[in-house]
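# Observations on the model geometry
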Amino acid sequence: MTNSILYVRINPQEKGIMMIKLSPDIPYQEPICFASFIYDNEKYNIFFHKGYGDKVDDKFVPNLSRYFIQIYKDKLDGEFPRLCAYIYFYLDFETKETKYIGTGVNPEYRNRGFASLLASLWTWICMDNNFYEYVTNKKQRKPFLIYLLKLYGFEINDITEYETSRKTIFICRDSLSKDKCLYFKDTNEAKNFNKSNIAKHDNYRILSSLDDTAIEVLDRVILTTPYQLQDFTKAYTRSRKKLESHGII
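Now for a quick tour of the structure. All values reported here derive from a predicted model rather than from experimental measurement. Numbering of residues begins from 1 in every chain and follows the order in which that chain's sequence is written. Side-chain atom pairs in this predicted model are given and counted only at pLDDT of 80 or more, local residue features only at pLDDT of at least 70, and totals for whole chains, interfaces and linings cover all residues. Here the side-chain values reflect all heavy atoms present in the structure, with hydrogen atoms and water set aside.

Turning next to the pattern of salt bridges. Any carboxyl oxygen of Asp or Glu that lies within 4 Å of a side-chain nitrogen of Lys or Arg is treated as forming a salt bridge with it. For the coordinates displayed, the defined rule picks out ten salt bridges. A salt bridge links E155 to K150, with the nearest nitrogen and oxygen atoms 3.5 Å apart. Judged by relative accessible area, E155 falls into the buried class, the value being 18%. Taking relative accessible area as the criterion, K150 reaches 9% and is therefore assigned buried. A 1.4 Å probe rolled over the protein chains alone gives each residue an accessible area, and that area as a share of the maximum for its type sets the label: buried under 20%, exposed over 50%, partly exposed in between.

Take a look at the structure:
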């Protein structure tokens, strides 16, 4: 069996060294803790995990590996560690491309900045390993996660598509209630999204217009167009700041 310790720093509390040495030889199904942090006086551990196989066009492809970064709440006496949040992605070691698949945060651990922390870990680790192509899967489901990636310097190739596409979604916030809101250019898209599990679980407010003066438009996204990392300085700066604030680097 390959020794996983060769690929991650031995002490999760160490700083100033490469967190993970990415390699196609990393063993499957052996989650390894490589960092930890404290939030509200509670300890959380961060694991790297290589999953086995994935589906492409509804067909299982065994040699298509998914990679995960997972945040677990440290176990208490008599308890199992709790999975709080995760990000998963593909790695192409020949082209040095990493492709974002998605992020999940369990409801009880939302509004703690974990999605942003995971985005920082993904971009930082891949930069540390000289990956230089960062893209998203063509079809995404969560508008606010694409908005988050845009804060890290991701963008579509042709920004005029925001004006021309019927699938443009306006990312908004109610300045009074601080609610997350979405406005869909196409009302049918709004109806379909409102029926989805994403809308039900994430408690988005779907707006019928942007006329309310309390509504602040933050940005625009399109879920069916791939995004690429175009501003590496922004990604590096934002990731570093986030990881330093958690004492990870």
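Attention now goes to helix α1 (residues 114-128). Note on helix geometry: an α-helix contains 3.6 residues per turn, so any two residues three or four positions apart are oriented the same way. Here a strand is any run of E in DSSP of at least two residues, a helix any run of H or I of at least four, and the numbering for each starts at the N terminus. By this rule the span expected of a helix is its residue count minus one, scaled by 1.5 Å. Over its 15 residues, α1 runs 21 Å from end to end, which matches the ideal 21 Å to within 8%, given 1.5 Å per residue. Counted residue by residue, α1 has 14 buried out of 15 residues, so it is predominantly covered. Positive phi appears at N130, one or two residues downstream of α1, with a value of about 65°.

Time to look at the packing of aromatic side chains. Any pair of Phe, Tyr and Trp rings, taking the six-membered ring for Trp, is counted once the centres come within 6.5 Å. Such a pair is stacked with planes under 30 degrees apart, edge-to-face with planes over 60 apart, and tilted for the rest. Scanning the model with the defined rule gives 23 aromatic pairs in all. Centre to centre, the rings of F48 and Y67 are 6.0 Å apart; their planes meet at 35°, and the pair counts as tilted. With a gap of 19 residues between them, F48 in strand β2 (residues 42-51) and Y67 in strand β5 (residues 66-73) connect regions that are remote in the sequence. Exposure remark for Y67: the relative accessible area of 3% places this residue in the buried category. The interplanar angle of 25° and the centroid separation of 5.1 Å between the aromatic rings of W124 and Y236 together place this pair among those described as stacked.

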